[in-house]
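Each chain is listed here by its residues.
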Amino acid sequence: MTAAQAELQIDRPSLADGAALWRIARDSKALDLNSSYSYLLWCRDFAATSVVARAEDGTPVGFVTGYVRPDQPRTLLVWQVAVDESHRGRGLAGALLDGLAARTVAELGVTTVETTITPGNTASERLFASFAERHGARLEREVLFGTGLFPDGPHEPEVLHRIGPLAR
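Residues numbered from 1 in each chain as written. Predicted model: local features only at pLDDT ≥ 70, side-chain atom pairs only at ≥ 80, totals over all residues. Heavy atoms only, no water.

**Observations regarding the sheet that holds strand 6 (residues 138-145)**
Rules: When DSSP finds two or more bridges between a pair of strands, those strands are recorded as paired. Here a helix means four or more residues in a row that DSSP labels H or I, a strand means two or more in a row labelled E, and each is numbered from the N terminus. With axes taken as lines fitted to C-alpha atoms, and helix axes fitted only over the stretch in contact, angles between N-to-C directions fall between 0 and 180 degrees.
Read from one edge to the other, the open sheet built from 7 strands follows the order 1-2-3-4-5-7-6, with strand pairing classed as mixed. The sheet is open, and its two borders are formed by strand 1 (9-11) and strand 6, each paired with just one other strand. Each strand of the sheet is rotated relative to its neighbour by a mean of 25°, with strand direction disregarded. Two strands pair when backbone bridges link them, and strand 4 (residues 72-83) and strand 5 (residues 112-117) are joined in this way by 4 bridges, in the parallel orientation. By the bridge assignment, Leu77 is partnered in strand 5 with Glu114.

**Describing the environment of Ala30**
The condition is simple: Residue burial is assigned from relative accessible area. The probe radius is 1.4 Å, only protein chains are included, and a residue is buried under 20% of its type maximum, exposed over 50%, and partly exposed in between.
By the secondary structure assignment, Ala30 is in the loop between helix 2 (18-28) and helix 3 (36-45). According to the relative accessible area criterion, Ala30 is exposed, its value standing at 60%. For the pair Ala30 and Pro13, spaced 17 residues apart in sequence, the C-alpha to C-alpha distance is 21 Å.

This is the structure in structure tokens:
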């Protein structure tokens, strides 16, 4: 953990964090922005499978949202990873992902992490490749959602990254 990370508190999101998570996602200019309502729901219904980093004053500065797949209860699907611009470049996304994985492995028996990444998103590809390497886990990739499946205009394919097994 870096000194910058040590200054931050990493914990579960609360309902009061929903607006800040929406703003961080919006300001990232890289994520598909969901409605503000969805971030509120995420903080209420998926807090056990999500994590937020807080500055000293309690303000969220980064987050990872995820959920356990209903048909594969040992698989954590990471939905979004975002870090406020003022806290980027310090390894915070990796620390958040590691913390969430440790918690869900211990509490929920998660053995696999999945996420989807669009081609060319090298920051996310590096984040998840280094996560797999740190955890000594395999990383498999395959197209999950091809371009033609998206009804709202041109969208790059979403490539599934499956990482596991994770050690308990």
